[in-house]
Amino acid sequence: MDGFIEQAQRRIRESAAVVPGEHAPTLPGLDKLSDARASLPDATGKDYLSGLGPVDTFTHLMNDIVPGLNGENRSGRYWGFVTGSTLPIAEVADNIVSAYDQNVQVHLPNQTIATEVEDAALKMLLRLLHLGEPEQWEGRTFTTGATGSNILGLACGREAVITSRLAGSSESVGEIGLLRACMKAGIGEIQVLTSMGHSSLSKAASVVGLGRASVKLLPFSDAEPWRLDIDAVERELQRENVASIIAISAGEVNTGRFATTGVEDMQRLRRLADQYRAWIHVDGAFGVFARVLPPREEFSSLHKANAGLELCDSMTIDGHKLLNVPYDNGIFFTRKSSTLNSVFKNPNAAYLASDNTSQIQSPLNIGLENSRRFRALPVYAVLMSEGKPGISRMMERMVVTARGIARAIRSCGDDYVLLPDAGSRPLSFDDDIHIVVLFRAKDDALNKVLVQRINEGNEWYVSGSSWDGKPAVRVAVSSWRADSEDAFNTVKRSLTAISEAHRHS
Ligand SMILES: *Cc1c(COP(=O)(O)O)cnc(C)c1O
């Protein structure tokens, strides 16, 4: 097998390369997908699982499977969902991760540097995002994504709000279980208070035993449902025998807007949470990266919406979205490692003991997994390579591109409308737009097929959404390849052509 990996890697790179100035297709095309599907192994065939060997398998992967993959990473105009893409240095680091296959599970400082690299990456992130000093965020770890981090956030919140009501006892939910702990603490209900919380928050609520129905939406108004009604939060916190976790959407995935409007909102929430022994979790999967934008007027609205988020008890951040590292990658921060430890301690495994007593916790005692991928390395590499200035420029490019797309939509005459269009601050769009743009066609018939029309053109890719009960198109810019001029021209040309064609159909 001399040179197999080297040759394979060269071919992979040739196949994934993007010619400068060109755009890879956003989607593979249905013909390529059915070819790929037809190439999958047939369980009734006599050679099923017979073993092709690495050379033929590689040929199969490159010739049959790869053509059936979408353009998330390569296109730069794959604006559906918020998928990010991968910076070259992150891809390189990820290859190191596979080549050296470290298991980042137990802190073994005399055997591998991996856990210390992980911790260095987490500390750099704290500094990058202006969240405070590492000593204030002693509970920190990498996860598989924002869903994983939201599960950690609700698990920590659950642990804290119940334990604080087990007066004087050394017991915890992690030890005696949710049911017994709630009975002892006199808690009849645990609620998660939010505004347009991400769907994964409900999933997390189910996983940690609170139930999806525990998630309560407290919208500020019909016009600004993403914004949290703090008066309503205060009323909910006063309920007898109820413990609460406040989950802040920063930002909200459909509109890109933020649940809080400034540092005063966060200060008030902090006071309320302290008074009523509630927990504040910030879901900042992509939104908190607005904190890295330069301190300029055009970004002041985003900075304001992000101000004070560091007053939370725990925070979710995604790596595989705006930070542009490969899947899968998430980050979780909380104040005390003892909260994480109380939930995630992997007890009594003598063979997994760490050989030191430093500040760095063994990851298996502060997160979901035991065995873990060295997913910190691509984040470490991006932070080392780009530094704060480079990441700030990348974030700025994404925001400016999203705003360029909004301008393109507005410039198409009267055919399309930017959403949300009924806000209390209508049409201050440019300043409020982070990386998400929501819009629809005014003509209902066109609006119904708009996502399909855009995506079948294979020039730009969007996701279908809805707003006010009607279909809407959602654009999310999250790639380092973002190019505002190209985006403006593409969207304007494409939308004009689509509405022209519709008028003549
Ligand atoms: C994307 C997203 C999630 C889920 O993240 P995954 O990384 O896909 O698990 C959760 N919350 C918000 C706000 C998001 O944008």
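For the structure given in this document, a descriptive report is provided here. (Residues numbered from 1 in each chain as written. Predicted model: local features only at pLDDT ≥ 70, side-chain atom pairs only at ≥ 80, totals over all residues. Heavy atoms only, no water.)

**Overview of the overall build of the chain**
1) Next: Along the backbone of the chain there are 17 helices and eleven strands.
2) Next: Relative to its length of 505 residues, the chain is compact, with a C-alpha radius of gyration of 24 Å against a globular reference of 23 Å.
3) Next: Along the first, second and third principal axes, the C-alpha atoms of the chain reach 70 × 65 × 50 Å.
4) Next: Expressed as a percentage of its 505 residues, the buried residues of the chain come to 50%.
5) Next: In the chain, the proportion of contacts linking residues at least 24 apart, taken out of those at least 6 apart, comes to 75%.
6) Next: In the structure as shown, the chain presents an accessible area of about 23,000 Å², 52% of it carried by carbon and sulfur atoms.
7) Next: The averaged location of the 61 negative side-chain charges in the chain is 3 Å from the averaged location of its 53 positive side-chain charges. (Helix = DSSP H or I, 4+ residues; strand = E, 2+ residues; numbered from the N terminus. Rg over C-alpha atoms; globule rule 2.2 N^0.38 Å. Buried < 20%, exposed > 50% of the residue type's maximum accessible area, 1.4 Å probe, protein only. Contact = heavy atoms within 4.5 Å. Areas by Shrake-Rupley, 256 points an atom, 1.4 Å probe, with all protein chains shown as cover. Lys, Arg positive; Asp, Glu negative; His and termini not counted. Charge placed at Lys NZ, Arg CZ, Asp CG, Glu CD.)

**Side note on the sheet that holds strand E2 (residues 189-194)**
1) Next: If you walk across this open sheet you meet the seven strands as E1-E7-E6-E5-E4-E2-E3, and the pairing is mixed. Looking at the sheet topology across the chains shown, the edges are occupied by strand E1 (139-143) and strand E3 (215-217). The mean angle between the axes of side-by-side strands here comes to 20°, regardless of whether they run parallel or antiparallel.
2) Next: As defined by bridge partners, strand E5 (residues 279-283) adjoins strand E6 (residues 314-318) across three bridges and the pair is classed as parallel. Paired with valine 282 across the bridge in E6 is methionine 315.
3) Next: Contacts between helix H6 (residues 146-163) and the sheet are confined to E1, E2, strand E4 (242-249), E5, E6 and strand E7 (330-334), with E5 contributing the most and set at about 175° to the helix. (Pairing = 2+ DSSP bridges. Axes fitted to C-alpha atoms, helices over the stretch in contact; angles between N-to-C directions.)

**A word on helix H9 (residues 199-207)**
1) Next: Turning to H9, its buried residues number three or more, namely Ser200, Leu201, Ala204 and Ala205. End-on view of H9: buried residues confined to an arc of 150°, all on one side of the axis.
2) Next: The secondary structure elements touched by the buried residues of H9 are H6, E2, E3 and E4.
3) Next: Of the residues flanking the end of H9, it is glycine 209, one or two places downstream, whose phi is positive at about 85°. (Arc of directions from axis to C-beta.)

**Section: the pattern of salt bridges**
1) Next: For the structure on display, the rule yields 28 salt bridges.
2) Next: Between aspartate 486 and arginine 77 there is a salt bridge, and its shortest N-O distance comes to 2.8 Å. Pair noted here: aspartate 486 is in helix H17 (residues 484-503) and arginine 77 is in the loop between helix H3 (54-65) and helix H4 (88-100), with a separation of 409 residues, a long-range link. Accessibility assignment for this pair places aspartate 486 and arginine 77 in one class, buried.
3) Next: A salt bridge links aspartate 415 to arginine 503; the shortest N-O distance between them is 3.3 Å. Taken together, the residues aspartate 415 in the loop between helix H14 (376-410) and strand E8 (416-419) and arginine 503 in helix H17 connect sequence positions 88 residues apart.
4) Next: Assessed through its relative accessible area of 21%, aspartate 415 is described here as partly exposed.
5) Next: By relative accessible area, arginine 503 is classed as partly exposed at 48%.
6) Next: Three or more residues joined by partner-sharing salt bridges are found here, namely Glu189, Lys216, Glu236 and Arg239. (Salt bridge = Lys/Arg side-chain N within 4 Å of Asp/Glu carboxyl O.)

**Quick look at the packing of aromatic side chains**
1) Next: With the rule as written, the count across this model stands at seven aromatic pairs.
2) Next: Ring centres of tyrosine 78 and tyrosine 461 lie 4.5 Å apart, and the angle between their planes is 15°; this geometry places the pair in the stacked category. One end of the pair, tyrosine 78, is in the loop between H3 and H4; the other, tyrosine 461, is in the loop between helix H16 (444-456) and strand E10 (463-467), and 383 residues separate them in sequence. The pair tyrosine 78 / tyrosine 461 is uniform in exposure class, with both members buried.
3) Next: Site record: aromatic cluster; members linked through ring pairs are Tyr78, Phe81 and Tyr461.
4) Next: Above the face of the tryptophan 226 ring, arginine 257 is positioned so that its terminal group lies 5.6 Å from the ring centre.
5) Next: We note arginine 335 situated over the ring of tryptophan 137; from NZ or CZ to the ring centre the distance is 3.7 Å. (Phe/Tyr/Trp six-rings, centres within 6.5 Å; stacked < 30°, edge-to-face > 60°. Lys NZ or Arg CZ within 6 Å of the ring centre and 35° of its normal.)

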